[in-house]
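So you can see what is in the structure, the chains are spelled out below.
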Amino acid sequence: MAPKETEYEPLTTASVDESEGTDEHVLRPYATRTAKQRWGRAAWVVCVLALVLSNAAWIGVYRHQKDHPHDFDPILGSNTLSVMSEYVFSSPYVEGNLTEMNQRWRDMFPRGGGAVKVDPQWAVDHQLQPTQGYAKDGKAIYVVAMYHQLHCLTVIRTSLYQSHNGRDQIDDWGHVTHCLDTLRQAIQCLADPTLGGVGVRHQCRDFEALLAWTVEHAYTDNVDEMGL
Ligand SMILES: *[C@@H]1O[C@H](CO)[C@@H](O)[C@H](O)[C@H]1NC(C)=O
C-alpha cells in the first residue's frame, strides 16, 4: 500500500507518469520524486511556516501590549493583582480609642509621606512624567499615587472628625473637595469588579510590597517643607 501522503499529490505535477494510467501510478509515492524536488518543496514549506509563525508571534505580542499595558509594573512586577483581601465592615481604623486610631492612620505613611526619589534614567526608561523636582543627590522626586490618595482620605477624615466634634476644620473647603475628587478618580480607575459584600474576598495589589518599595526609595530631605 502507498504511503498516506500520496493522496495529496496533484495530478498535474511532474511526478505523474502519463504513460501508465492506473491509479497506483497516478498516486505515485513521494519517494519517487527527485531529491531536488523534495528539497525545493521542503524549503517552501519551511519558509511559509516561518512567515506564518513569526507574524502570529508579533500579532500576539502587539495584542498583549495593547490590551494589558500594565500587566507588568516596574515596582510590583508581573501579576500585580496578587493579594486576596476580605472586605470587613468594621476595622481598627474606624472603631476604638480616637488617639490610637489617629496614630494608626498616621502609621500608614512611611517617612516622607510616600514621596520617593528614583534615578532619572530609571524614570526615563519607564516613561514617567517629568519630575517636579530633584533631590540633593540628583535623583528625581515623585509621589506614589497610593500615598497621595491616602493623604487625601486623611484630609477628608480629619475634616469630618473636626466637624463632628464641633472644632474648626483646619483644611480649607477647596482642599477637601479636591481630595474627594481625587478619590473618585482613584476608585473609578481601579474599578474593582468584585460582586458581593461583607466577607467577600477582593483581588488586590500588594500593599506591603508597595510600602516596602516606598520605604526603600523614600525621599525625606524636605519632609517638613513639603508638608507631608
Ligand atoms: C486612649 O489611648 C491612649 C493611648 O493609648 C490613652 O492614653 C488614653 O487614656 C485612651 N483613652 C481612653 C478614653 O481610653
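Regarding the chain, the relevant UniProt record gives this comment under Sequence similarities (unreviewed entry): "Belongs to the ustYa family." Check the Subcellular location (unreviewed entry) section of the UniProt entry for the chain; it says "Membrane".

A. Here's a closer look at the overall build of the chain. Scanning the chain from N- to C-terminus turns up 8 helices and 4 strands. When the helices and strands of the chain are placed in sequence order, the string is α-α-β-α-β-α-β-α-α-β-α-α. Out of the 228 residues belonging to the chain, those deemed buried represent 7%. Sequence-distant contacts in the chain: of pairs separated by 6 or more residues, those separated by 24 or more amount to 62%.

B. Broad picture of the nonpolar core. Counting residues in hydrophobic clusters, the biggest one holds 7 residues: A115, V116, A140, Y142, V144, Y147 and Y219. Among all residues touching Y142, those that are not within four sequence positions of it are V116, V118, L128 and T131.

C. Main features of the environment of G112. Note on placement: G112 falls in the loop between α3 (98-107) and β2 (115-118). The exposure class assigned to G112 is buried, which follows from the 23 C-beta atoms found within 10 Å. The sequence separation of G112 and V215 amounts to 103 residues, and the corresponding C-alpha distance is 8.6 Å.

D. How the structure looks around the packing of helix α5 (residues 145-164) against helix α6 (residues 173-190). Taken N-terminus to C-terminus, the directions of α5 and α6 make an angle of 135°; their axes are 9 Å apart at the nearest point. Relative to α6, the element α5 lies oblique. The interaxial crossing formed by α5 with α6 has left-handed handedness. Note on element contacts: α6 touches α5 through H175, V176, C179, L180, T182, L183 and A186, opposite Q149, C152, L153, V155, I156 and S159. Broken down by class, the residue content of the contact of α5 with α6 amounts to 9 nonpolar, 4 polar and no charged.

E. Structural context of the environment of A212. Tracing the sequence through the fold places A212 in helix α7 (residues 207-216). Taking the C-alpha atoms as reference points, A212 and P110, 102 residues apart in sequence, are found 9.0 Å from one another.

F. Layout of α5. For α5, with 20 residues, the first-to-last C-alpha span of 28 Å sits near the 28 Å given by 1.5 Å per residue. Just past α5, the residue G166 takes up positive phi, approximately 70°.

G. Looking closely at the confidence of the model for the chain. Averaged over every residue, the pLDDT of the chain is 80; residues scoring 70 or more account for 69%. Note on residues 1-32: pLDDT is under 50 here. Beyond four places in sequence and across chains, it has 23 contacts.

Scoring rules and cut-offs
- Counting of residues starts from 1 at the beginning of each chain's written sequence and follows it residue by residue.
- Where totals are concerned, whole chains, interfaces and linings use all residues; where local detail is concerned, this predicted model gives features only for residues with pLDDT of at least 70, and gives and counts side-chain atom pairs only at 80 or more.
- UniProt positions are given in the numbering used here, feature names are shortened, and annotations may be inferred rather than shown by experiment.
- Runs of E in the DSSP output that reach at least two residues are strands. Runs of H or I that reach at least four are helices, and both are numbered from the N terminus.
- For the exposure call, what matters is how many other C-beta atoms sit within 10 Å of a residue's own: 20 or more marks it buried, 12 or fewer exposed, and in between partly exposed, using C-beta atoms placed from the backbone.
- Two residues form a contact once the distance between their C-beta atoms, set from the backbone, is within 7 Å.
- Core membership is restricted to buried Ala, Val, Leu, Ile, Met, Phe, Trp, Tyr and Cys residues, and these are joined into a nonpolar core through C-beta atoms within 7 Å.
- What counts as an axis is a line fitted to C-alpha atoms, over the stretch in contact for a helix, and the angles between N-to-C directions run from 0 to 180 degrees.
- The scheme is simple: roughly parallel for angles under 35 degrees, roughly antiparallel for over 145, roughly perpendicular for 65 to 115, oblique for anything else.
- Helix crossings get a hand from a simple test, with the near helix turned counterclockwise from the far one by less than a right angle marking a left-handed crossing and a clockwise turn marking a right-handed one.
- Classes in brief: Ala, Val, Leu, Ile, Met, Phe, Trp, Tyr, Cys and Pro nonpolar; Asp, Glu, Lys and Arg charged; the others, Gly included, polar.
- The span you would expect from a helix comes to 1.5 Å times its residue count less one.
- Scored from 0 to 100, pLDDT reflects the predictor's confidence in each residue.

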